[in-house]
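The lines below spell out each chain.
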Amino acid sequence: MIDLKFLRENPEAVKQNMKNKFQEHKLSMVDEVIELDAKARRTQQEADELRASRKKLSKQIGVLMGQGKKEEAEEIKAQVNAGAQRLAELEALERELSEKVTNIMMAIPNMIDPSVPIGPDDSCNVEIEKFGEPTVPDYEIPYHTDIMEKFNGIDLESAAKVAGNGFYYLMGDIARLHSAMTTYARDFMIDRGFTYCIPPFMIRSNVVTGVMSFEEMDAMMYKIEGEDLYLIGTSEHSMIGKFIDTIHSEEKLPYTLTSYSPCFRKEKGAHGIEERGVYRIHQFEKQEMIVVCKPEESKVWYDKLWQNTVDLFRSLDVPVRTLECCSGDLADLKVKSCDVEAWSPRQKKYFEVGSCSNLGDAQARRLKIRVRGQDGSKYYAHTLNNTVVAPPRMLIAFLENNLNEDGSVNIPTALRPYMGGKERLVPSTN
RNA sequence: GGAGAUGUAUCGAAGUGGUCAUAACGAGAACGACUCGAAAUCGUUUUGCCUUCACGGGCACAUGGGUUCGAAUCCCAUCAUCUCCGCCA
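A word on the packing of helix H7 (residues 172-191) against helix H13 (residues 391-402)
Running from N to C, H7 and H13 cross one another at 110°; their axes reach a closest spacing of 10 Å. Our classification of the angle between H7 and H13 gives roughly perpendicular. For the crossing formed where H7 meets H13, the hand is right-handed. In contact with Ile174, Leu177, His178, Met181 and Thr182 of H7, H13 contributes Pro391, Pro392, Met394, Leu395, Phe398 and Leu399. Taken together, the residues that form the contact of H7 with H13 break down as nine nonpolar, two polar and no charged.

Laid out in structure tokens, this is it:
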């Protein structure tokens, strides 16, 4: 959500930003919201005047009643009543207008960073940098579920019976590998100064609308029947929600947190053949990082955040690259974002394993996350989030890149303490 | 899940239909005075939002509704906290 004052003063910039994001259909919203806002302020002014006079007259009634001057009091009551109907109309109008303004403001995309490449969709995303050599071995790399099956590590069939498509049972070494990933990632981030946190896995609707757009909400969030609760799609939701309606002193910033949670996603729509197995599922676990900082520091933190993920994947011998989201592929709330993609020697291409975003002050404005400066002034904080690791997807990258010709899987040194010291996993014989 | 109580400034807390919500009273904090310095004492300051060029005006007593000329106060709903009971990893 952008600042209404900014929009009022820079309508052309807001429109240009929409064009850059290929959202021409939203252009009319700018003039519409300016008009509604002007009307809302006029309405408020008139209503305020009526409220002021009512307040004054009501006080007089109190005084007159105290003095026992009933008739004079009744006269003034009549005066108040005369304005009451107009006030009621205005108050209804105030509510209606401010609701309309908010609804439109929620749909107006955040101003993107000047560095964001312009393009209509993900085909225009730009590779920024490669880390590690993307190699293809001269033996065949099977589909990830086939690798897992060699270890008796996955049971999709039972999961389908129990919960339906999009769920999985992980077992034995593969399940252990999964847990090792989150634990390793947790310690990795703690070592880099982040505070570990386990958040609520369900959140109220006001938090949901604070952290994401309506379209995202509809496409992603599972609602608990009969309660005002949603299963989180990522711990970012409850972690940013943690700061709802707070004012922080400048010297305490930044807050750097790393959180663990299961994630639940509807994943509406059809998915391709490469998205079978554990690639796109309704439930997975994730180690996340979030930062709440001063506006001038968010760019620096953005670069630090994705670098953490790159370093983690490199420590597990997985080649990765960063891919910058172009304007059209950028979610409306985001100022800038990039994906960290892992190399798939089987597909001979990179695939998404994490996403790093700078939200600017958009979430902060919706959720009222503010900073009190040294001079007492208040301003909105900036928020960022990034995936440390989401194990099912990480497992795909990990297994494919660490698979040997004989079917065994290397355990990189960094991960061994979390895998009982094993140097490699060997497939089961039965 | 059941019963009861509570929700007001940084904290404790008074106010139970008007004429003290820039919120009594107490504490804490900041600044100043006194002091060689400190303690004590005295004085001043100590929420946020909307609107207006400004003066000013409005809103907020957990949240949302309702009653009323007027609500912190009365009514309803929701949320949270505490105590007791029940259930439970």
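Now, onward.
Notes on the side chain of Thr322
Its location among the elements puts Thr322 in strand E11 (residues 320-324). In this structure Thr322 comes out as buried when scored by relative accessible area, which is 1%. Non-local contacts of Thr322, meaning those with residues more than four positions away in its chain, are made with Val126, Glu127, Ile128, Glu129, Phe131, Trp306, Val310, Asp339 and Val340.

Looking at the protein's contact with RNA strand B
RNA strand B sits among 19 residues. The nearest are Arg41, Gln44, Asp48, Ser58 and Arg204. Within 4 Å of the protein, the contacting atoms of RNA strand B are drawn from sugar and phosphate to the extent of 70%. Note that a phosphate oxygen of RNA strand B is positioned 3.1 Å from one of the side-chain N or O atoms of Lys55. Contacts to RNA strand B include Arg370, whose side-chain N or O atom sits 2.9 Å from a phosphate oxygen. Those elements that provide at least two residues to the surface near RNA strand B are helix H3 (27-67), helix H4 (70-107) and strand E14 (369-372). With 11 residues, H3 is the single largest residue contributor to the surface near RNA strand B. A per-class count over the surface near RNA strand B returns four nonpolar, four polar and 11 charged.

Let's talk about the pairing of strand E16 (residues 382-389)
The buried fraction of E16 is high, at eight of eight residues. Note that strand E10 (residues 283-293) and E16 share seven bridges and pair antiparallel. Across the sheet, the residue bridging to Met289 is Asn386, located in E16. With three bridges connecting them, strand E13 (residues 349-358) and E16 associate as antiparallel partners. Paired with Cys356 across the strands is Asn386, a residue of E16.

Things to note about the sheet that holds strand E8 (residues 246-249)
The sheet built from three strands is open, its strands ordered E8-E14-E15 with mixed pairing. A single partner strand is all that each edge strand has here, and the edge strands are E8 and strand E15 (378-380). Averaged over all adjacent pairs, the angle separating strand axes in this sheet is 35°, with direction ignored. Of the pairings in the sheet, the one linking E8 to E14 comprises four bridges and is parallel in character. Counterpart to Ser249 in the pairing with E14 is Arg372.

Observations concerning the packing of aromatic side chains
The final tally for this structure, using the stated rule, is seven aromatic pairs. On the numbers, 6.2 Å between centres and 50° between planes, the contact of Phe131 with Trp306 is tilted. Of this pair, Phe131 sits in strand E1 (residues 126-131) while Trp306 is found in helix H11 (residues 298-315), placing the two residues 175 residues apart along the sequence. For Trp306, a relative accessible area of 11% corresponds to the buried category.

Some remarks on the pattern of salt bridges
If you walk through the whole model with that rule in mind, you get 24 salt bridges. The closest approach of N and O atoms between Arg321 and Glu341, which form a salt bridge, is 2.8 Å. Placement of the pair is Arg321 in strand E11 and Glu341 in strand E12 (residues 336-344), with a sequence separation of 20 residues. Each member of the pair, Arg321 as well as Glu341, is classed as buried. Through salt bridges that share partners, Asp48, Arg51, Glu91 and Glu94 make up one connected network.

Re the confidence of the model for chain A
The predicted model of chain A averages 90 in pLDDT, with 99% of residues at 70 or higher. The ipTM value of the predicted complex is 0.81, and its pTM value is 0.89.

Some thoughts on the side chain of Ser235
Tracing the chain through its elements places Ser235 in helix H10 (residues 235-241). In this structure, Ser235 is in contact with Pro199, Ser259, Ser261 and Glu288, ignoring residues within four places of it in sequence.

Description of the nonpolar core
Of all hydrophobic cores here, the largest spans 57 residues; its most connected members are Leu177, Leu312, Phe313, Phe398 and Leu415. Of all elements in the fold, only helix H5 (144-150), H7, E10, H11, E12, E13, E16 and H13 reach the threshold of two or more residues within this core. In terms of residue count, H7 provides more of this core than any other element does, eight residues in total. If near-sequence neighbours (up to four positions away) are discounted, Phe398 is found in contact with Leu177, Met181, Leu316, Val318, Val409, Asn410, Ile411, Pro412 and Leu415. Membership of the second largest hydrophobic core comes to 23 residues, among which are Ile232, Met239, Phe243 and Ile290.

As for the sheet that holds E10
Taken in spatial order, the eight strands make up an open sheet running E1-E11-E12-E13-E16-E10-E9-E4, and their pairing is mixed. Looking at the sheet topology across the chains shown, the edges are occupied by E1 and strand E4 (195-197). The mean angle between the axes of side-by-side strands here comes to 25°, regardless of whether they run parallel or antiparallel. As paired strands, E1 and E11 are joined by five bridges and run antiparallel to one another. Pairing of Glu127 across the sheet is with Leu323, part of E11. Relative to the sheet, H7 contacts E4, strand E9 (255-264), E10 and E16, its axis offset from that of E10 by approximately 10°. Sheet strands in contact with H13 are E10, E12, E13 and E16, and its direction is about 140° off that of E13.

Basis of the calculations
- Residues numbered from 1 in each chain as written.
- Chains lettered and ligands numbered in written order.
- Predicted model: local features only at pLDDT ≥ 70, side-chain atom pairs only at ≥ 80, totals over all residues.
- Heavy atoms only, no water.
- Axes fitted to C-alpha atoms, helices over the stretch in contact; angles between N-to-C directions.
- Helix = DSSP H or I, 4+ residues; strand = E, 2+ residues; numbered from the N terminus.
- Parallel < 35°, antiparallel > 145°, perpendicular 65-115°, else oblique.
- Left-handed = near helix turned anticlockwise from the far one by under 90°.
- Contact = heavy atoms within 4.5 Å.
- Nonpolar A, V, L, I, M, F, W, Y, C, P; charged D, E, K, R; others polar.
- Buried < 20%, exposed > 50% of the residue type's maximum accessible area, 1.4 Å probe, protein only.
- Near = heavy atom within 4 Å.
- Polar contact = N/O pair within 3.5 Å; in protein donor to acceptor, adjacent residues only side chain to side chain.
- Pairing = 2+ DSSP bridges.
- Phe/Tyr/Trp six-rings, centres within 6.5 Å; stacked < 30°, edge-to-face > 60°.
- Salt bridge = Lys/Arg side-chain N within 4 Å of Asp/Glu carboxyl O.
- pLDDT = per-residue confidence, 0-100.
- Core = buried A, V, L, I, M, F, W, Y, C linked by side-chain atoms within 4.5 Å.

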